[in-house]
Amino acid sequence: MRPYRIWTVLCAALGLMMWMQTPAAAQSGYQLASGDQLRITVHGEEELSGQFQLDGQGVFSMPLIGPVNAGGLTARQLEGRVAELYLDGFLKNPQISIEVLNYRPFYILGEVGSPGGYPFKPGMTILNAAALAGGFTVRADEDDIRVTRGGEGDPQVMSVDTIVQPGDIIRVTERIF
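Conventions adopted
Residues numbered from 1 in each chain as written. Predicted model: local features only at pLDDT ≥ 70, side-chain atom pairs only at ≥ 80, totals over all residues. Heavy atoms only, no water. Helix = DSSP H or I, 4+ residues; strand = E, 2+ residues; numbered from the N terminus. Buried < 20%, exposed > 50% of the residue type's maximum accessible area, 1.4 Å probe, protein only. Contact = heavy atoms within 4.5 Å. Areas by Shrake-Rupley, 256 points an atom, 1.4 Å probe, with all protein chains shown as cover. Salt bridge = Lys/Arg side-chain N within 4 Å of Asp/Glu carboxyl O. Pairing = 2+ DSSP bridges. Phe/Tyr/Trp six-rings, centres within 6.5 Å; stacked < 30°, edge-to-face > 60°.

Asks: How should the overall build of the protein be read in this particular structure?
Replies: The secondary structure content of the protein amounts to three helices and ten strands. Reading the protein from its N terminus to its C terminus gives the helix and strand order α-β-β-β-β-α-β-β-β-α-β-β-β. A buried classification covers 36% of the 177 residues belonging to the protein. Considering only contacts in the protein between residues 6 or more positions apart, those separated by 24 or more positions represent 49%. When the accessible area of the protein is evaluated, it comes to approximately 10,600 Å², of which 54% is carbon and sulfur surface.

In structure tokens, the structure reads:
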């Protein structure tokens, strides 16, 4: 095999490995909120396992234990909370695992081709988000992009290389000619 071919294969493999690691890395400190879809597995109890979506308040309902408030928790913290709830008279040693299947959407507004809400993908930059929304318009000020993280707080000016997070509200402002 030629050296450049080996290099190409090696780079592709490393790129694939980095892509495969992104969702897990994104989930480690990720706080759950309204719109997230989870796969919850209660090991050894198939009828209690399933897919659940957090409602507008960050709550979902599980068999036997009822409503669970997951808003603001990480997946690991929620595993502990669900196990604790099942320990309260339902299961002796519950083993819970939680995976985020679909993240809540992000929103891009202002000077893009098709403003609106779009599905979040880990590793996406503001430039990727703008491309997904039909690209920047001719009036877009690419140096004045304001992002509100998680839909709360004051918007911050960010660059096109900034990584988008679930629930972000991105506003592309109009430039003054």
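Asks: Just checking my understanding: could you explain the pattern of salt bridges for this structure?
Replies: Oppositely charged side chains can form a pair if their charged atoms are brought close together. If you walk through the whole model with that rule in mind, you get seven salt bridges. Residues Glu174 and Arg139 are paired through a salt bridge, measuring 3.8 Å at the closest nitrogen-oxygen approach. You can see Glu174 sitting in strand S10 (residues 169-174) and its partner Arg139 sitting in the loop between helix H3 (126-132) and strand S8 (140-148), a full 35 residues away along the chain. Linking Asp168 and Arg149 is a salt bridge whose minimum nitrogen-to-oxygen distance equals 2.4 Å. With Asp168 in the loop between strand S9 (156-158) and S10 and Arg149 in the loop between S8 and S9, this pair connects stretches of sequence that are 19 residues apart. Taking relative accessible area as the criterion, Arg149 reaches 26% and is therefore assigned partly exposed. Via salt bridges that share partners, Glu111, Arg139 and Glu174 belong to a single interconnected network.

Asks: Looking at this structure, how should I read the pairing of strand S3 (residues 59-62)?
Replies: Remember that side chains alternate between the two faces of the sheet whenever the strand is regular. Of the two faces of S3, only the one carrying Phe60 and Met62 is buried; Val59 and Ser61 on the other face are not. As judged from the four bridges shared by S3 and strand S4 (residues 66-69), these two strands associate in the antiparallel manner. Looking at S4, one finds that Met62 is bridged to Gly66. The turn linking S3 back onto S4 is made up of three residues, and Leu64 within it adopts a positive phi angle of 75 degrees.

Asks: Would you mind showing me how to read the packing of aromatic side chains here?
Replies: The relation between two aromatic rings is expressed through the spacing of the ring centres and the mutual angle of the planes. The final tally for this structure, using the stated rule, is four aromatic pairs. Judged by centre distance (5.0 Å) and plane angle (80 degrees), the ring pair of Tyr30 and Tyr103 falls under edge-to-face. Taken as a pair, Tyr30 in the loop between helix H1 (3-28) and strand S1 (37-42) and Tyr103 in the loop between strand S5 (96-102) and strand S6 (106-110) lie far apart in primary sequence, 73 residues in all. Neither Tyr30 nor Tyr103 differs from the other in exposure class; each is buried. Plain terms: the ring middles of Tyr103 and Phe120 are 5.1 Å apart, the flat faces sit at 75 degrees to each other, and that makes the pair edge-to-face.

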